[in-house]
Amino acid sequence: MNRNEFKRRRRQLMGMMGAGSVAILPTGVEAVRNRDVHHPFRADSDFYYLTGFTEPDAVMVLVPGRSHGEYILFCREKDPTKEMWDGYRAGLQGAVDDYGADDAFPISDLDDILPGLLEERERVFFAMGSDPAFDKRVSDWVSQVRSRARAGVHGPIEFLALDHYLHDMRLYKSRAEIAVMRRAARLSAESHVNLMRHCRPGMHEYQLASLFGHHCQMKGASELAYPSIVGGGNNACVLHYVENNQPLRDGDLVLIDAGCELDCYASDITRTFPVSGCFSDAQRSLYELVLEAQLAAIDKVRVGNHWNDPHQAAVRVLTKGLLKLGLLRGTLAKALKAKSYTKFYMHRTGHWLGMDVHDVGDYKVDGHWRELEPGMVLTVEPGLYIPRGTKGVAKKWQGIGIRIEDDVLVTRDGPDVLSRDAPKTVAQIEALMAE
Ligand code: GLY
Ligand code: MN
Ligand code: MN
């Protein structure tokens, strides 16, 4: 992403903050996996959104109107020995030259410098509650400033939730963000196609997971947005199944929920297809029902509709279909009112998508479902799950879990399905797998 994009975001935020305020935003903390081994570090999304800076041990401070520079980055200093062991550091000069900071200080000096930046500032924008240790440091800095009141020093009197402002900004994707998300979705879609091509009975779930990651990595996405879910047969009924350790059986469906991350933007796609390449009659009936529900929901992703409209469309189609197949009983009106579909469809139809796979942004505003607006991106992912042993259900439906998930951009011209390259009709899937 272009440096100007980050600058534009900082300027937009500072415009909202106004003079007399300061924003403090640390990046994430490195997590230990086990003795001497860390999980790969991924910058905090809010922090990256404003800085583009990917190293750990960093704090961004914005001080609108500060004459010595409004954008301050605290980060690790250059250290030849440490860099020889653990890799490159931008250092203070790099923070200024490569990341556009007006001023940079060593992260080790944070406690000494920060109280001075709070003097004569009335409002502090800070996301309280995500890291208790950092919360404590912020309150210590504020106390230090207040303790100098008799010397005529004024400290902040107002605290505002920085995350609230940032998350609303992040909900509306810019042209540059949409371009990255489109690339991520395309690459993931291509990787799903690759799985349909390579899947054979007898392979293990982890082999499909591995192929998915391999394909994304070979094409330049080094990270996945979340651990891949590969569930064969009954395992597809576990919504966040991640064991991925069972063999794939002829006659079963396999559900794959997987997406790569590009430049800190997520994609999130689910496809469900027959391990052998051909749907059975029961599988096809349920699959086509889920697909009909998904298409109806995607059709509701339109400017001016509400967040809940796609979900309601999906639920209506699913309920109708389940009644027709004899999996539910009664009238449509009664079944909808009783929400009897929740026996087979227990999650919602989607979520915001962006830097985080379950992205930030409010779903309701003033107690009402939010209106969809251009630039928002969401997933549409209805499903049906009928685990083995479900009471009152004929055997032929059991052990089937289906979800179809796409990433959809809201535009003035209607829904733009970013992940459209992954086939999803029965005919397309069977033809592809027969190749
Ligand atoms: N991959 C998680 C989800 O679909 O929400
Ligand atoms: Mn999802
Ligand atoms: Mn998903």
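A brief structural summary. (Residues numbered from 1 in each chain as written. Chains lettered and ligands numbered in written order. Predicted model: local features only at pLDDT ≥ 70, side-chain atom pairs only at ≥ 80, totals over all residues. Heavy atoms only, no water.)

1. Focus: the pattern of salt bridges
Summed over all chains, the structure comprises 28 salt bridges. Residues R170 and D359 are paired through a salt bridge, measuring 2.9 Å at the closest nitrogen-oxygen approach. With a gap of 189 residues between them, R170 in helix 7 (residues 162-171) and D359 in the loop between helix 12 (332-338) and strand 15 (364-365) connect regions that are remote in the sequence. Both residues of the pair, R170 and D359, belong to the buried class. (Salt bridge = Lys/Arg side-chain N within 4 Å of Asp/Glu carboxyl O. Helix = DSSP H or I, 4+ residues; strand = E, 2+ residues; numbered from the N terminus. Buried < 20%, exposed > 50% of the residue type's maximum accessible area, 1.4 Å probe, protein only.)

2. As for the sheet that holds strand 20 (residues 406-411)
The sheet built from three strands is open, its strands ordered 17-20-21 with antiparallel pairing. Either end of the sheet is taken by a strand with one partner, and the two such strands are strand 17 (377-380) and strand 21 (414-417). Each strand of the sheet is rotated relative to its neighbour by a mean of 40°, with strand direction disregarded. Pairing analysis gives four bridges linking strand 20 to strand 21, with the strands arranged antiparallel. Across the sheet, the residue bridging to V410 is P415, located in strand 21. (Pairing = 2+ DSSP bridges. Axes fitted to C-alpha atoms, helices over the stretch in contact; angles between N-to-C directions.)

3. Brief notes about the sheet that holds strand 11 (residues 253-258)
One open sheet accounts for three strands, arranged 10-11-14; its pairing is antiparallel. Each edge of the open sheet carries a strand with a single partner, namely strand 10 (229-232) and strand 14 (269-274). For this sheet the average axis-to-axis angle between neighbouring strands, irrespective of direction, equals 10°. Sheet analysis places strand 10 next to strand 11, joined by four bridges and oriented antiparallel. The partner of V230 across the bridge, within strand 11, is I256. Contacting strand 11 and strand 14, helix 8 (residues 175-198) runs over the sheet at an angle of about 15° to strand 14. (Contact = heavy atoms within 4.5 Å.)

4. Here we look at the packing of helix 5 (residues 110-118) against helix 6 (residues 132-146)
Across the interface, helix 5 lies against helix 6 with an axial gap of 9 Å and an inter-helix angle of 55°. Relative to helix 6, helix 5 is oriented oblique. The way helix 5 lies across helix 6 gives a crossing that is right-handed. Facing helix 5, whose interface residues are L110, D111, L114, P115 and L118, helix 6 presents F134, R137, W141, V142, Q144 and V145. Of the residues assigned to the contact of helix 5 with helix 6, the class counts are eight nonpolar, one polar and two charged. (Parallel < 35°, antiparallel > 145°, perpendicular 65-115°, else oblique. Left-handed = near helix turned anticlockwise from the far one by under 90°. Nonpolar A, V, L, I, M, F, W, Y, C, P; charged D, E, K, R; others polar.)

5. Concerning the site of ligand 1
Neighbouring ligand 1 are the residues Y226, D257, D268, H351, H358, E381 and E405. Within the complex, the protein chains bury 90% of what would otherwise be the 200 Å² of accessible surface of ligand 1. (Near = heavy atom within 4 Å. Areas by Shrake-Rupley, 256 points an atom, 1.4 Å probe, with all protein chains shown as cover.)

6. A look at the coordination of the manganese ion (ligand 3)
Coordination of the manganese ion (ligand 3) by the protein is provided by D257 (OD), D257 (OD), D268 (OD) and E405 (OE), with metal-donor distances spanning 2.0 to 2.4 Å. Metal-centred angles of 57 to 170° between the six donor atoms at the manganese ion (ligand 3) mark the site as irregular. All donors of the manganese ion (ligand 3) belong to a single chain; written as a sequence motif, their spacing is D-x10-D-x136-E. A separation of 3.3 Å is found between the manganese ion (ligand 3) and the manganese ion (ligand 2), both of which receive a donor from D268. Taken together, the residues D268 in the loop between strand 13 (265-266) and strand 14 and E405 in the loop between strand 19 (400-403) and strand 20 connect sequence positions 137 residues apart. (Donors = N, O, S within 2.8 Å, 3.2 Å for Na, K, Ca; no water. Tetrahedral: all angles 85-135°; square planar, octahedral: opposite > 155°, others 65-115°.)

7. Things to note about the nonpolar core
Most often, soluble globular proteins have nonpolar side chains that are buried together. With 114 residues, the main nonpolar core has L208, V254, F273 and L384 as its most contacted residues. Apart from the residues within four sequence positions on either side, V254 is in contact with C199, L208, V230, G231, G232, L248, R271, T272, F273 and V275. Counting residues in each nonpolar core, the second largest holds 19 residues, with V63, L117, F126 and W141 among its members. (Core = buried A, V, L, I, M, F, W, Y, C linked by side-chain atoms within 4.5 Å.)

8. Some words on the packing of aromatic side chains
The final tally for this structure, using the stated rule, is 11 aromatic pairs. With a centroid separation of 5.3 Å and 10° between ring planes, the pair formed by W352 and Y363 is classed as stacked. Residue W352 is found in the loop between helix 12 and strand 15, and its partner Y363 is found in the loop between helix 12 and strand 15; the two are separated by 11 residues along the sequence. Among the aromatic residues, those joined into a cluster by ring pairs are F126, F134 and W141. Geometry around W369 places K364 over its ring, the cationic atom sitting 4.7 Å from the centre. (Phe/Tyr/Trp six-rings, centres within 6.5 Å; stacked < 30°, edge-to-face > 60°. Lys NZ or Arg CZ within 6 Å of the ring centre and 35° of its normal.)

That's the geometry; what it means functionally is another story.
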